[in-house]
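Spelled out, the chains give:
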Amino acid sequence: MRARLTKSTQASVQEVDAIVALRHAESDAFYEGKAASGLSADARLVQRQAFAGLIWSKQYYHFDVAQWLDGDPAGPTPAPQRRNGRNADWRELNTAEVLSMPDAWEYPWFAAWDLAFHCVPFALIDARFAKDQLWLLLFEQFQHPRVSGQADRSFLERIFHKLLLNFTWWVNRKDREGHNVFQGGFLGLDNIGVFDRSQMLPGGGHLAQADGTAWMGMYCLEMLVIALELARDNVAYEDVATKFFEHFLYIAGALNDMGGEGIPLWNEEDGFFYDVLHLPDDSKIPLRVRSMVGLIPLLAVETLEPDLLDALPDFRRHMRWFLRNRPGLASLVASWEEEGMRRRRLLALVQGHRMKQLLGRMLDPDEFLSPYGIRSLSHYHLDHPYVLAIDGREYRVNYEPAESQTALFGGNSNWRGPIWFPINYLLVEALQKFHHFYGDEYRVEHPVGSGQQRNLDEVASDISRRLERVFLTDDTGVRPLFGGQHLPGGGATDRLLFYEYFHGDTGAGLGASHQTGWTALVAKLLDRTPAT
C-alpha cells in the first residue's frame, strides 16, 4: 500500500517508490559514515540497529507534576493516594520536551539513570541532542551553545555549576551521619540487595551502602576533573578542584573505616566490599553478598596528566600539603610519589593489592565472569545462597541468572545474576583508565584458572567482546540474545531486539524487549573494539 501527503497537484503515488529508495540510500550513507573501520558486516548491522533504536525511542514528554497531583480544576478530585505516592515530592518538575525514552513501548517515561547512559552512544550520531539531554537532566530549560565534534567549554562550565547543586543535594540528603558513608536507597539496582533498599529496613536500621559511597567517590573524581579542565582558563576553579580532591579522600576513608567507627565496608577475608546494616542499638551487620555492589568501587578512578598539574601550581601545592598532612587517607587512594605511564598520577578508591583481589573475583568464571560479560551476582551463590535472619524473618539471596524468582520490585527486573550493559560499560571504561596509568606491566590472570596473564586494556577489550558476542552470530549462525535458537523465517535473526538485561550464563535476552536505550551501549563498545 502506498500513500503520500502532498499539497502539489502534480505529485503522484508512483513517485513513492523512488522517494523511499532515496531515503534508503541516504540512511545507508549516514550509518556507513558512523561505523568504525574494521567492523564486520554483522557488527555493522548490530551497531546500525542500536543507533536506529535510539532515534526511534525519542518521544515528546509532557508532565506537569504539580498539575497532576492537584488534578484538573474541572474534576474529578484525584485519589488521596496520589498526593503521597511516587513523584509527590517533585512538584517543581514541569517538562514539555522531546526525550530519549528507556523504551518507547514498555517504559515510556523520564528516567535520569537510563537517559545518562543513552547519551553515550547518542553522542556518536548526534552530539547536539546528547548534550541537550544532559542539560535537561538538570531540570533547566536552557539553550546552551552547541559545538559538534569540538570542545565546548561554555557548555562544560554551565553544566558544572548545575552539577554542583546536584552534588550538594546528595551530600546533604544521603550522608545521614556526616561520615561520608552514603545511604542512597534505590540507586537503580532494583533487587540486588538483601532488602528492598527504597523501603524501611528491618529493625528500623539504615544501610551504609558500598555502591552509594563508591558512586559519590566517582562523582567527586568526575567533578575534580571538570574543575581542573576549567581551571586551565580560570584559576578560580583550582580552589573548587581542591575541595573535591579532599572530599574524595574522605570518602575513601569512609569505605575503609565507616567514618572512624572501626567497621570497614571492605572485608579483608573475602577481598570484597559489602553493604553494612546499621541497627538502632548501634550493632552493625556486614551483608556478605558478592554482587555488583562490591565491584562498583572500581569505577572511581581517574588519572591526572603531568602537564595539567604543571599548569595549576596552586592546586598541586594544596594537594601535596593535604597528602603530606593526611598520610592515612592518601595511602588509600594512591601512592602519590609513584608515577605511572608518562608521569601520570592515579586517583582511585581501589588500587594495588585490593584491586587484584577484586579482579580475582570479577574475572573468575565460577563467580562474575560470564561468556557474555560480568554478572550482577556471583555464580558462587547458586550453591551458597546468602541467608540473613532478623526480626523473626529470613532474607535470602540466590543466584538467579534469568528472570527474578522473587516479587521484589514486582519481579520484573533482576540484578541477581543477569548481565546489564550499563555497569559493564563502566567497568570496561574503568579498566581502560587503570591501564592508562599502570601500562602493560600490570597484569592479572584472565580468565582466572586459565594461566593467561593479561594487561588491563586486554582484559577490558575481552569483556567488551563478550558483551558484543550477545548480539553477533556464532559459528552455527545463532545469536545468543535469541536464546540459542534458530528463528523461523530465515532472515528474522537479523531483526534484533535490544533487551533490558541478559541471562547470566547463556546471554539470552530478558526483561523489556525494546530497551534500545542503555543496551545501545553495544554500539559504543563496537566503536571502541571493532569485532571483525
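I will try to describe carefully the structure that is included in this document. Quick caveat: nothing in here was measured; it's all calculated off a predicted structure.

## Thoughts on the nonpolar core
Thought 1: With 126 residues, the main nonpolar core has Phe315, Met362 and Phe471 as its most contacted residues.
Thought 2: Sort the elements by how many residues they give to this core and helix α8 (residues 210–231) lands first, with 15 residues.
Thought 3: If near-sequence neighbours (up to four positions away) are discounted, Phe315 is found in contact with Leu224, Leu228, Glu238, Ala241, Thr242, Phe245, Leu304 and Leu309.
Thought 4: Residues Phe195, Leu377, Tyr386 and Tyr399 belong to the second largest nonpolar core, which totals 15 residues.

## Some details on the pattern of salt bridges
Thought 1: Applying the stated criterion across every chain yields a total of 31 salt bridges.
Thought 2: Notably, a salt bridge pairs Asp152 with Lys131, separated by 2.6 Å at the nearest N-O pair. Residue Asp152 is located in the loop between α6 (127–137) and α7 (153–174), and its partner Lys131 is located in helix α6; the two are separated by 21 residues in the primary sequence. By the burial criterion, Asp152 is buried, and Lys131 matches it.
Thought 3: Where Arg288 meets Glu269, a salt bridge forms, and the shortest distance between an N and an O atom there is 3.9 Å. A residue pair is termed long-range when its members are at least 10 positions apart, and Arg288 in the loop between β7 (284–287) and β8 (301–304) and Glu269 in the loop between β4 (266–267) and β5 (272–273) qualify at 19 residues.
Thought 4: Classification of Glu269 as exposed rests on a relative accessible area of 67%.
Thought 5: A single network of salt bridges, built from pairs that share partners, joins Arg153, Glu229, Arg232, Asp233 and Asp307.

## Observations concerning the packing of helix α1 (residues 16–34) against helix α2 (residues 41–56)
Thought 1: Viewed as axis vectors pointing N to C, α1 and α2 meet at an angle of 110°, and their least axial separation amounts to 10 Å. With respect to α2, the element α1 is oriented roughly perpendicular. When the axes of α1 and α2 are compared, the crossing they make is right-handed. The residues of α2 that touch α1, namely those facing Ser27, Asp28, Tyr31, Glu32 and Lys34, are Arg44, Gln47, Arg48, Phe51, Ala52 and Ile55.
Thought 2: For the contact of α1 with α2, the residue count by class is 4 nonpolar, 2 polar and 5 charged.

## So, the side chain of Lys524
Thought 1: Relative to the helices and strands, Lys524 resides in helix α17 (residues 521–528).
Thought 2: One buried charged side chain, Lys524, makes no salt bridge at all; its nearest oppositely charged neighbour is Asp527, positioned 4.5 Å away.
Thought 3: With residues up to four places along the chain from it excluded, the contact list for Lys524 reads Val120, Leu124 and Tyr425.

## Topic: the environment of Leu134
Thought 1: Position of Leu134 among the secondary structure elements: in helix α6.
Thought 2: The contact partners of Leu134, leaving out residues within four places of it in the chain, are Cys119, Phe155 and Ile159.

## Details of the sheet that holds strand β3 (residues 206–208)
Thought 1: Taken in spatial order, the 3 strands line up as β3-β6-β7 in an open sheet, and their pairing is antiparallel. Two strands bound the open sheet, and with one partner strand each, they are β3 and β7. Adjacent strand axes in the sheet meet at a mean angle of 30°, parallel and antiparallel pairs treated alike.
Thought 2: Sheet topology places β3 next to strand β6 (residues 275–278); 3 bridges connect them, and they run antiparallel. Bridge pairing links Leu207 to Leu277 in β6.

Criteria and thresholds
Residues numbered from 1 in each chain as written. Predicted model: local features only at pLDDT ≥ 70, side-chain atom pairs only at ≥ 80, totals over all residues. Heavy atoms only, no water. Core = buried A, V, L, I, M, F, W, Y, C linked by side-chain atoms within 4.5 Å. Buried < 20%, exposed > 50% of the residue type's maximum accessible area, 1.4 Å probe, protein only. Helix = DSSP H or I, 4+ residues; strand = E, 2+ residues; numbered from the N terminus. Contact = heavy atoms within 4.5 Å. Salt bridge = Lys/Arg side-chain N within 4 Å of Asp/Glu carboxyl O. Axes fitted to C-alpha atoms, helices over the stretch in contact; angles between N-to-C directions. Parallel < 35°, antiparallel > 145°, perpendicular 65-115°, else oblique. Left-handed = near helix turned anticlockwise from the far one by under 90°. Nonpolar A, V, L, I, M, F, W, Y, C, P; charged D, E, K, R; others polar. Lys, Arg positive; Asp, Glu negative; His and termini not counted. Pairing = 2+ DSSP bridges.

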